[in-house]
Amino acid sequence: SAGLPWLATNQGGIPDIALDPKSTRVIPSSSNYEEIEKSVFSFVTDLRGGKISRTAQIALYNEKFSAEVLTKQWIKVLELKVNA
């Protein structure tokens, strides 16, 4: 939500929150050392090359995970009636 780029393994719910393939990198947990090294260097190259946008990352988070968006989704899933 702060727009910070990150990389992590694909354990737990991590793939669900990785929206931007440049700013968020998901590495398979079964990766060997060379594959992880390649992923990390690619990430660093994109960071240094200015290919990662903090503004875009924040916008994606707000579009998919903001409190307002999640509240609307839960109201729909739970079929709640909300007074206007």
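Preceding this section is the structure that the text describes.
Note that residues are indexed from 1 along each chain, following the sequence as it is written. Totals for whole chains, interfaces and linings use all residues, but because this is a predicted model, local features are given only for residues with pLDDT of at least 70 and pairs of side-chain atoms are given and counted only at 80 or more. Side-chain measures were taken over the full set of non-hydrogen atoms in the model, leaving aside hydrogen atoms and water.

Draft legend 1. Spotlight on the layout of surface pockets. For each structure, a 1 Å grid was placed over the protein atoms alone; sets of points admitting a 1.4 Å probe that cannot get out are labelled cavities, open sets with protein on both sides within 12 Å along at least five of seven lines are labelled pockets, and lining residues have an atom within 4 Å of a point. Grid points are joined across faces, edges and corners, and a volume is the space filled by probe spheres set on the points. As a volume, the largest pocket reaches approximately 160 Å³. Lining the largest pocket we find S1, A2, G3, L4, W6, I17, L19, T24, Q57, I58, Y61 and F65. The numbering of helices and of strands both runs from the N terminus, where a helix is a DSSP run of H or I of at least 4 residues and a strand a run of E of at least 2. Sort the elements by how many residues they give to the lining of the largest pocket and helix 3 (residues 54-65) lands first, with four residues. Classes in brief: Ala, Val, Leu, Ile, Met, Phe, Trp, Tyr, Cys and Pro nonpolar; Asp, Glu, Lys and Arg charged; the others, Gly included, polar. Taken together, the residues of the lining of the largest pocket sort by class into eight nonpolar, four polar and no charged.

Draft legend 2. Structural detail: the packing of aromatic side chains. Any two of the Phe, Tyr and Trp rings considered here, Trp counted by its six-membered ring, make a pair once their centres fall within 6.5 Å; the pair's planes then place it as stacked at under 30 degrees, edge-to-face at over 60, or tilted in between. All chains considered together, the criterion is met by one aromatic pair. Here the aromatic rings of Y61 and F65 are separated by 5.9 Å at their centres, their planes lie at 45 degrees, and the arrangement is tilted. With Y61 and F65 both in helix 3 and four residues apart, this pair spans about one turn of that helix. Burial classes follow relative accessibility: with a 1.4 Å probe on protein chains only, a residue under 20% of its type's maximum area counts as buried, one over 50% as exposed, and anything between as partly exposed. On the basis of relative accessibility, which here comes to 21%, the residue F65 falls in the partly exposed class.

Draft legend 3. Seen up close, the pattern of salt bridges. When a carboxyl oxygen of Asp or Glu is within 4 Å of a side-chain nitrogen of Lys or Arg, the pair counts as a salt bridge. In total, this model carries four salt bridges according to the counting rule given. A salt bridge links K22 to D46; the nearest nitrogen and oxygen atoms lie 3.4 Å apart. Residue K22 is located in the loop between helix 1 (14-17) and strand 2 (24-27), and its partner D46 is located in helix 2 (residues 33-48); the two are separated by 24 residues in the primary sequence. The partner of E68 in a salt bridge is K72, with the nearest N and O atoms 3.4 Å apart. Here E68 pairs with K72, and both are found in helix 4 (residues 67-77), just four residues apart, close to one helical turn. With respect to burial, E68 and K72 carry one shared label: exposed. In the salt-bridge network here, residues are joined through shared partners; they are K22, R25, D46 and K51.

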